[in-house]
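Report on the structure
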Amino acid sequence: LLSRTEKQLSRYKNLDKDPRGLWSSDNYVSNKSKTERPLIAGKSREELLAFIASALEKRAPYYEQSKIVIRGINDVQPEEVLRLINEYNTRRDAL
């Protein structure tokens, strides 16, 4: 393996002091257009909304198992998400 350059290393941080080391946050919004995503290709707006509602309903049992729910994720900076998770862990560990 090649070593990372300083420029590459500058993209990684360890804001939560994770013992596994540096990590990089990313934008998890798909860069694929509607036509490049086979499950939604060709759907009208109404069909797409129905598909999303159905998918969310099917996934709900898994989402509901989460111990942390952060609403408005598109409006929350990654550092704030990290702070909330760390706050949760601190409270949990104090019990």
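Residues numbered from 1 in each chain as written. Predicted model: local features only at pLDDT ≥ 70, side-chain atom pairs only at ≥ 80, totals over all residues. Heavy atoms only, no water.

Some words on the overall build of the chain
When its secondary structure is counted, the chain shows 3 helices and 0 strands. When its helices and strands are written in sequence order, the chain yields α-α-α. Look at the contacts in the chain between residues 6 or more apart in sequence, and 15% of them connect residues 24 or more apart. Accessible surface, the chain: about 8,900 Å² in total, of which carbon and sulfur atoms supply 54%. (Helix = DSSP H or I, 4+ residues; strand = E, 2+ residues; numbered from the N terminus. Contact = heavy atoms within 4.5 Å. Areas by Shrake-Rupley, 256 points an atom, 1.4 Å probe, with all protein chains shown as cover.)

Some remarks on the pattern of salt bridges
If charged atoms from side chains of opposite charge come close, those side chains can pair. In this structure the tally under the stated criterion is 4 salt bridges. Among the ionic pairs, Arg83 bridges to Glu80, the shortest N-O distance being 2.8 Å. On the criterion of helical spacing, the pair formed by Arg83 and Glu80 is a turn pair, its members being 3 residues apart in helix H3 (residues 78-94). Owing to a relative accessible area of 30%, Glu80 belongs among the partly exposed residues under this scheme. Between Arg91 and Glu87 there is a salt bridge; the shortest N-O distance is 2.8 Å. Taken together, the positions of Arg91 and Glu87, both in helix H3 and 4 residues apart, correspond to about one turn of that helix. The structure contains a network of salt bridges with shared partners spanning Glu80, Arg83, Glu87 and Arg91. (Salt bridge = Lys/Arg side-chain N within 4 Å of Asp/Glu carboxyl O. Buried < 20%, exposed > 50% of the residue type's maximum accessible area, 1.4 Å probe, protein only.)

Quick notes on a nonpolar patch on the surface
A cluster of nonpolar side chains, Leu49, Ile52, Leu56, Tyr62 and Tyr63, forms an exposed patch at the surface whose accessible area comes to about 540 Å². Topologically, Ile52 is positioned in helix H2 (residues 45-63). (Patch = residues over 30% accessible without salt bridge, like charges linked within 9 Å, V, L, I, M, F, W, Y side chains within 5 Å.)

Observations concerning the environment of Ser10
Relative to the assigned elements, Ser10 resides in the loop between helix H1 (6-9) and H2. Within the structure, Ser10 has its side chain in polar contact with the backbone oxygen of Lys7 (distance 2.6 Å). (Polar contact = N/O pair within 3.5 Å; in protein donor to acceptor, adjacent residues only side chain to side chain.)

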